[in-house]
Amino acid sequence: IRLYNQNSKQIEILVSSDLSNKIRIDSYLADVFPDYSRSYLSDLCEKNLVLINGKPQDKKFKVKSGDKVFIQFEEKTISSVDPENIPLEILYEDDDIIVINKPVGMVVHPAPGSPNGTFVNALLYHLGSNADRLLNNLSIDTDIDDEDILDLPETPDASKAVPKSLRPGIVHRLDKGTSGVLIAGKHTDAVSKLSQLFYNREVRKVYFAICVGHPGDTTMYDCIGRNSKNRQLMTAMDGPPGKPAISHVKTIAFDGKLSAALVRIETGRTHQIRVHLQARRTPIAGDSDYGNSDWNKKLDKLFDISRPLLHAYETEIIHPYTGKRLLFQAPVPDDINRVLMKMITLDKSSITDDNGYLLCSTEVKGKTFDRNQKLGFVPYDRVEYDEEDWTSIELPETQQF
């Protein structure tokens, strides 16, 4: 992707040589720019704001490898967020926090191209008159200035494009295609305290994924930064300008082709798990950005699945007001269960119960360095190192497990 003008959002794309078949331009753009709805991108085509090889084309026009696509984005200013009656699957709620099981396809907060139908719209409706506790004072006083650490951005520029006034209650994010546990604050003080928990890495998060291949039991610590060829994507790096990222993985089942795995993350970089598993050459099945195209086609054909099979299964926090340790779990969704049922040698009954909850342990310890325990990663029981944050330690260039 080549950015011509940051202010007017003029972008040129060279369609990748990896594209084996022709695809409709509106569908292609929706894959490239997941923060924008397909209807919004189709509207750009109808307004002749999308050029293919220098000529305006209808939204049904099919692009092929090597085509040049020029886009003039028409940013719609979003000045406020309206409550919307959108059902929420609530896992936990009290006076201060709310925890939901986010469905696949739901965007967390409004953004250009997705102005409504988001979790924030649903949250404001759910809170009713109490929503004023979130909206009256949006100047949240925290020591946090690095939103990446809170895994807020869904795409690299999302947090810059969306002001805090459009994401009341939000303290972390899940990608649009990722389901599972999502926590929000019900008033600004709760948002501040929850954000501090994420910033201090006092939140334990475990994801469930279906991977192509066998990722093993290990710790992945490649730094993560922007992809120089496609600024909407991220990539694994050996060091700067990438930011440190830590993911622990444990494989719980393997049928010779696909794996069911648990991933516990210590940091919350954009697309972290998806990038780390791609770098390990065991990408998440169904991931159109970082996955295996052949397997993605099989999943689409067999199960009508076109999203990364990644689910935020478990989150553990210390309640910011009561001090109690709380564990939230979101049952494995139907699309992932359908794949589990078809994995050739896998007995699904050994993985999930009838309600979609995992029967196996969710403990994911990762690996540590033998030569110096203090160079290791935070283990499951979160051993504290004498006033020394592991993020300040220079990690070795190669694994020494």
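Residues numbered from 1 in each chain as written. Predicted model: local features only at pLDDT ≥ 70, side-chain atom pairs only at ≥ 80, totals over all residues. Heavy atoms only, no water.

1. Focus on the overall build of the chain
- Across its full length, the chain carries 9 helices and 18 strands.
- Taking all 401 residues of the chain together, 53% fall into the buried category.
- Expressed as a percentage of contacts within the chain between residues at least 6 apart in sequence, the contacts between residues at least 24 apart total 67%.
- If you sum the accessible surface of the chain, you get close to 18,800 Å²; carbon and sulfur atoms cover 45% of it. (Helix = DSSP H or I, 4+ residues; strand = E, 2+ residues; numbered from the N terminus. Buried < 20%, exposed > 50% of the residue type's maximum accessible area, 1.4 Å probe, protein only. Contact = heavy atoms within 4.5 Å. Areas by Shrake-Rupley, 256 points an atom, 1.4 Å probe, with all protein chains shown as cover.)

2. Considerations on helix α7 (residues 272-279)
- In terms of burial, α7 is largely enclosed, as 6 of its 8 residues are buried.
- For α7, the set of buried residues is Gln272, Ile273, Arg274, Val275, His276 and Leu277.

3. Describing the pattern of salt bridges
- Throughout the structure, instances matching the rule amount to 14 salt bridges.
- With its nearest N and O atoms 2.7 Å apart, the salt bridge here joins Arg24 to Asp26.
- Its relative accessible area of 26% is what places Arg24 among the partly exposed residues.
- Across the salt bridge formed by Glu363 and Lys365, the nearest N and O atoms sit 3.2 Å from each other.
- Overall, the relative accessible area of 27% leaves Glu363 in the partly exposed class.
- Members of the salt-bridge network, linked through shared partners, are Asp175, Arg274, Asp287 and Asp289. (Salt bridge = Lys/Arg side-chain N within 4 Å of Asp/Glu carboxyl O.)

4. Some remarks on the pairing of strand β16 (residues 258-265)
- For β16, a buried count of 8 out of 8 residues is recorded, marking the element as mostly surrounded by other parts of the structure.
- Side chains of β16 alternate between two faces, with Leu258, Ala260, Leu262 and Arg264 and Ser259, Ala261, Val263 and Ile265 buried alike.
- One ladder, built from 8 bridges, connects strand β11 (residues 204-212) with β16; its direction is antiparallel. Paired with Ala209 across the two strands is Ala261, which belongs to β16.
- Bridge analysis of strand β15 (residues 247-254) against β16 gives 7 bridges, and the strand direction is antiparallel. The residue bridging His248 from the neighbouring strand is Arg264, located in β16.
- Hairpin connection, β15 to β16: the antiparallel pair is bridged by 3 residues, and Gly256 has positive phi, about 100 degrees. (Pairing = 2+ DSSP bridges.)

5. Considering the packing of aromatic side chains
- Under the criterion given, the structure shown has 1 aromatic pair.
- Measuring from ring centre to ring centre gives 5.4 Å for Tyr92 and Phe328, while their planes differ by 45 degrees; the resulting arrangement is tilted. In this pair, Tyr92 sits in strand β8 (residues 90-93) while Phe328 sits in strand β18 (residues 325-329), placing the two residues 236 residues apart along the sequence.
- Accessibility expressed as a relative area gives 25% for Tyr92, which makes it partly exposed.
- One residue, Lys298, lies across the ring of Trp295, its end atom 4.5 Å from the ring centre. (Phe/Tyr/Trp six-rings, centres within 6.5 Å; stacked < 30°, edge-to-face > 60°. Lys NZ or Arg CZ within 6 Å of the ring centre and 35° of its normal.)

6. Some thoughts on the environment of Gly185
- Note that Gly185 resides in strand β10 (residues 179-185).
- On the basis of relative accessible area, Gly185 is assigned to the buried category, the value being 0%.
- Along the chain, Gly185 and Glu93 lie 92 residues apart, while their C-alpha atoms are 9.9 Å from each other.
- With residues near it in sequence (within four places) discarded, Gly185 still touches Asp96, Leu123, Leu134, Gly169, Ala190, Val191 and Leu194.

7. Remarks on the pairing of strand β7 (residues 68-72)
- Sheet topology note: the strand β2 (residues 10-14)/β7 ladder contains 5 bridges and is antiparallel. When the bridges of β7 are listed, Glu12 appears paired with Phe70.

8. Considering the packing of helix α1 (residues 25-32) against helix α2 (residues 38-46)
- For the pair α1 and α2, interaxial distance at closest approach is 9 Å and the crossing angle is 130 degrees. When the axis of α1 is compared with that of α2, the two are oblique. Note that α1 runs across α2; the crossing there is right-handed. Contacts between α1 and α2 involve Ile25, Asp26, Ser27, Leu29 and Ala30 from the former and Arg38, Leu41, Ser42 and Cys45 from the latter.
- In the contact of α1 with α2, the residues fall into 5 nonpolar, 2 polar and 2 charged. (Axes fitted to C-alpha atoms, helices over the stretch in contact; angles between N-to-C directions. Parallel < 35°, antiparallel > 145°, perpendicular 65-115°, else oblique. Left-handed = near helix turned anticlockwise from the far one by under 90°. Nonpolar A, V, L, I, M, F, W, Y, C, P; charged D, E, K, R; others polar.)

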